[in-house]
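Observations on the model geometry
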Amino acid sequence: MTGNISITRRLIVTVLVLELLSAIALIVVVAFHERHVQLRAFDASLVATAEMLVGAVQDAEDEADNVMLDPQEVQIGKDAAFRVEDERGRLLGSEGELPRLEMSAPGAPAFRNVDVRGRAYRFLVLHRLRIVDPGNPDGGVRHTITVVYGTPVGHVWHEVLEAIRFYAIATVILLGVTAALMIWLVRKGLAPIYELAYEAERISSSDWRFDAPARAKKTVELQPLALALEAALARLQRSFEQQRRFTNDAAHELKTDVAIVKSSLQLLSMRKRTIEEYIRGLTLSLDDFTRLESTVQKMLTLARLEQRTDNDSSGAALRSCSLRDAIEDSVSQIRAFAELKVIEVQIESAAEARVPIDSRDAFLLCSNILLNAVQHSPDGSTVAITMTVNERTVWLTVKDQGEGISDQDRLHIFEPFYRGDPSRSRKSGGTGLGLSICRAICEHVGGTIEITNGTSGGAIVTVTLPAEALGDGSGLSASLKAQ
Amino acid sequence: MRVLLIEDEQRLAENIVAALRETGLAVDHAAEGEAGSHLAEQGVYDAIVLDLMLPGKSGQRVLQDLRQKKLHTPVLILTAQEGKESVVNLLNAGADDYLGKPFDLGELLARIKALIRRAKGIATPILVASDLELNTVQQTVRRRGQSLDLSPTEYRILEYLIHRPRAVVSQQELLEHLYDFEWEHHSNVIEAHISNLRRKLNAAGTEPLIETLRHRGYRLREPGATQ
């Protein structure tokens, strides 16, 4: 499982880490705050106790109007230490061990942090004025009392640590609950992905149906994936089915042709025949065989044209020929067949244009279109060829005066083995590959071929091809540049 | 016996028709589904050879319509389509046999003959009626071990009669089943052939095999019926 990336794990870890980081930050803030609050409370209690000590300083009731510390009123905490002096340095009372403290100027109370025998103490130094017998006419005797009072600060830190511990435990519990919740929620949230994967897994070469689950389609993040999958599969299925249909049709065509050849020969060998019968039978068999051969040849041509798209971008650049020559050659080739049907084949206009097609393929293109036109023309009609050129494009149109083409046929006419009219036998329809070959030739060089109905009836085949620049050597330099 | 071939592939049809005629069957050919369906529904055929991919009306439909009209003519399907599924569908739709293209012409003929035989309730290619023995493969006839020399038409009449034992076969029925549309035929042609056939069969000086029932037709006499 190493190297695998789990979105669930990432999400959960990310959330938990963020949560942990914020918890740590919170604890730090809380610790500081707690320490501050505790210290203030601590200081307040220091001040209160110190004031209490001041309050415990009593008139000693002696002649010198001295003061004394009434031990009855002294209540201090455990481990606390104090010392009370008057202004002459006379010790009024003390408890615990006190370090030497730098006395601050009288007035403001001062806090000192001192280590006493390894324990951290916080001391408060407080100066207070105490007046003995303030009712006397001389205003009484004034004593400045200095109180030093301190307790260990360990208690403050203990409180702070307690607070930290509380928050830490709460954080751990929170993290645990969050993790569990996250795992459940994320699993639930990712359910559409699993559904989508399950649906996608069911696709096999025999069953191409794919309906993205409704939940996946409703999920904003998954929608593009689900739709893309659907579209891609639909495209694949279409091309797969096209391939399968082609294979089926090709098999059907070949089997029929083979069946004819085989039955011709078997009929001939059913019994002994005269030489004339054998000669006739062999001639017929040879015709049948020629048809089989031409079917195979056309299939191979189509396969060659369709395969070439992958790996010949370098070789094809150098091939080019004159489309005008190809048209003239194919017209002279078809003339005999056209004369048989009393059809006139006219080149109405022709211009010089070079197209990036092998001369044999260009001839194949023109002759297939012409043959198709002549086959669909009534006797005594005309087939007209027009060719126009601009800088970059060549248009070739072949117009017949036949019955035209139905909308249904227009959609499929370029598909291999498609026969527009099912009542048309193979004899008049050829192998059904001619126009497919034309389309393959055109599409291979980025051209198009389409068939429409003329305004005055008849079908018009329009071929659009990229033209190569004319002129001495410019065509060659262009093709060299293309490399 | 008369066979109908429904096949749109002209050259293939020519070959099958020629082969069937050479084996002594009368053959009609339809190159298109509608016409084929129409002919098949006449009910005069002893077997039908049907291509599946037909213009006009598919072979499947032709078969369905034929069976719907309660015609039990045996049908052999010729198909270039792949797949066991379509074969199963076809047999379930009422076809009796099928042959994939490209097929062996000899096999096609043998299957057609077997279909005709079975449809008439006969299992072997050698038919026997009392002391008469007819070999449908070699197209030879023997009576009491003696080989008889019959013309093709005489042979076909005898073959048809022997396929329909005990039944009265009318002249019309013989005409329908022995001649296809390419033959010029009149009912007295049958009469002439029957009388020749009778003469040849009786040459051995035995009791007549073929009975004539006035205005009704002919019947092959049963063995023992003469006693």
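For clarity, every value in this text was computed on a predicted model and none was experimentally measured.

With that settled, consider the overall build of chain A. Broken down by element type, chain A carries 12 helices and 14 strands. Burial status across chain A gives 39% buried among its 483 residues. Relative to all contacts within chain A whose residues are 6 or more apart in sequence, the contacts with residues 24 or more apart total 62%. A total of about 28100 Å² of accessible surface is found on chain A, and carbon and sulfur atoms cover 57% of it.

Glancing now at the packing of aromatic side chains. Following the criterion strictly, the structure yields 2 aromatic pairs over all chains and no others. Each ring, one from tyrosine 121 of chain A and one from phenylalanine 123 of chain A, has its centre 5.7 Å from the other, and the planes form 15 degrees; the classification is stacked. Judged by its relative accessible area of 9%, tyrosine 121 of chain A is buried. Between phenylalanine 166 of chain A and tyrosine 167 of chain A the ring centres are 5.3 Å apart and the planes differ by 75 degrees, which places this aromatic pair in the edge-to-face class. Given the relative accessible area of 30%, tyrosine 167 of chain A is considered partly exposed. One Lys or Arg, arginine 156 of chain B, reaches over the ring of tyrosine 179 of chain B and ends 6.0 Å from the middle of that ring.

What follows is about the nonpolar core. Counting 53 residues, the largest nonpolar core has Ile16, Leu108, Ile112, Leu158 and Leu174 of chain B as its most contacted members. Among the nonpolar cores identified, the runner-up in size contains 48 residues, and Ala338, Val383, Leu396 and Val445 of chain A belong to it.

What follows concerns empty space enclosed by the protein. By rolling a water-sized probe across the atoms, one finds the places where empty space is left. Tallying each qualifying case throughout the model produces 3 cavities of 30 Å³ or more. Quantified by volume, the largest cavity comes out at close to 130 Å³. As for the largest cavity, its lining consists of 13 residues, and the residues nearest its centre are Met1, Leu25, Lys113, Thr136 and Glu159 of chain B. When residues of the lining of the largest cavity are traced back to their parent elements, those giving at least two are helix H5 (105-119) and helix H6 (152-163) of chain B. Sort the elements by how many residues they give to the lining of the largest cavity and H6 of chain B lands first, with 4 residues. Estimated volume of the second largest cavity: approximately 40 Å³. In terms of lining residues, the second largest cavity is bounded by Ile327, Ser330, Cys366, Ile369, Leu370, Ile385, Leu396 and Val398 of chain A.

With that out of the way, let us pick up the environment of valine 141 of chain B. Residue and element names in this part refer to chain B. Residue placement: valine 141 occurs in strand E8 (residues 140-143). Assessed through its relative accessible area of 2%, valine 141 is described here as buried. Spatially, the C-alpha atom of valine 141 lies 9.5 Å from that of leucine 127, the residues being 14 residues apart in sequence. Setting aside anything within four residues of it in sequence, one finds valine 141 in contact with Leu132, Glu133, Leu134, Gln146, Ser147, Leu148, Leu150, Tyr155 and Leu158.

This paragraph deals with the pairing of strand E4 (residues 75-79) of chain B. Residue and element names in this part refer to chain B. Along E4, 5 of the 5 residues are buried, which leaves the element largely enclosed by surrounding structure. Neither face of E4 is left uncovered, since the one carrying Val75, Ile77 and Thr79 and the one carrying Leu76 and Leu78 both have all their residues buried. Where strand E3 (residues 47-51) and E4 come together, 4 bridges link them in parallel fashion. Across the sheet, the residue bridging to leucine 50 is isoleucine 77, located in E4. Handedness of the crossover joining E3 and E4 through helix H3 (residues 59-68): right-handed.

Taken together, the contacts link 22 residues of chain B with 22 residues of chain A. Three residues stand out in chain B for area buried against chain A, namely Glu9, Arg11 and Glu22 of chain B, and they jointly supply 29% of the buried area on that side. On inspection of chain B and its partner chain A, the count reaches 4 salt bridges. On the surface where chain B and chain A come into contact, there are 10 residue pairs in polar contact (both at pLDDT 80 or more). When residues of the side of chain B that touches chain A are traced back to their parent elements, those giving at least two are helix H1 (10-22) and H5 of chain B. Here the side of chain B that touches chain A gets 7 residues from one element, more than from any other, and that element is H1 of chain B. When the residues that make up the side of chain B that touches chain A are grouped by side-chain class, the tally is 10 nonpolar, 5 polar and 7 charged.

Any two side chains of opposite charge can pair, so long as their charged atoms come close to each other. Throughout the structure, instances matching the rule amount to 33 salt bridges over all chains. Between glutamate 41 of chain B and lysine 69 of chain B there is a salt bridge; the shortest N-O distance is 3.3 Å. Pair noted here: glutamate 41 of chain B is in the loop between helix H2 (33-40) and E3 and lysine 69 of chain B is in the loop between H3 and E4, with a separation of 28 residues, a long-range link. Relative accessible area serves as the criterion here: at 25%, glutamate 41 of chain B is assigned to the partly exposed category. Of the residues examined, lysine 69 of chain B reaches a relative accessible area of 52% and is grouped as exposed. Salt bridges sharing partners connect three or more residues here, namely Asp257 and Arg291 of chain A together with Glu9 of chain B.

Detailed reading of predicted coordinates is not advised where the pLDDT is low. When pLDDT is averaged across chain A, the result is 82; 90% of the residues are at 70 or more. Below pLDDT 50 for its whole length, residues 472-483 of chain A participates in 6 contacts with residues either more than four positions away or in separate chains.

So, on to the packing of helix H1 (residues 7-55) of chain A against helix H2 (residues 154-201) of chain A. All names here are of chain A. Between H1 and H2, the least distance of the axes is 9 Å, while the angle of their chain directions is 160 degrees. Regarding the angle of H1 to H2, the classification is roughly antiparallel. Like other packed secondary-structure pairs, H1 and H2 cross with a definite hand, here right-handed. Split by residue class, the contact of H1 with H2 holds 25 nonpolar, 4 polar and 4 charged.

Calculation criteria
Residues numbered from 1 in each chain as written. Chains lettered and ligands numbered in written order. Predicted model: local features only at pLDDT ≥ 70, side-chain atom pairs only at ≥ 80, totals over all residues. Heavy atoms only, no water. Helix = DSSP H or I, 4+ residues; strand = E, 2+ residues; numbered from the N terminus. Buried < 20%, exposed > 50% of the residue type's maximum accessible area, 1.4 Å probe, protein only. Contact = heavy atoms within 4.5 Å. Areas by Shrake-Rupley, 256 points an atom, 1.4 Å probe, with all protein chains shown as cover. Phe/Tyr/Trp six-rings, centres within 6.5 Å; stacked < 30°, edge-to-face > 60°. Lys NZ or Arg CZ within 6 Å of the ring centre and 35° of its normal. Core = buried A, V, L, I, M, F, W, Y, C linked by side-chain atoms within 4.5 Å. 1 Å grid on protein atoms, 1.4 Å probe; cavity = no way out; pocket = protein on both sides within 12 Å on 5 of 7 lines; lining within 4 Å. Points joined across faces, edges and corners; volume = space filled by probe spheres on them. Pairing = 2+ DSSP bridges. Right-handed = clockwise from strand over helix to strand, strands pointing away. Buried area = accessible area lost by both parts, 1.4 Å probe. Salt bridge = Lys/Arg side-chain N within 4 Å of Asp/Glu carboxyl O. Polar contact = N/O pair within 3.5 Å; in protein donor to acceptor, adjacent residues only side chain to side chain. Nonpolar A, V, L, I, M, F, W, Y, C, P; charged D, E, K, R; others polar. pLDDT = per-residue confidence, 0-100. Axes fitted to C-alpha atoms, helices over the stretch in contact; angles between N-to-C directions. Parallel < 35°, antiparallel > 145°, perpendicular 65-115°, else oblique. Left-handed = near helix turned anticlockwise from the far one by under 90°.

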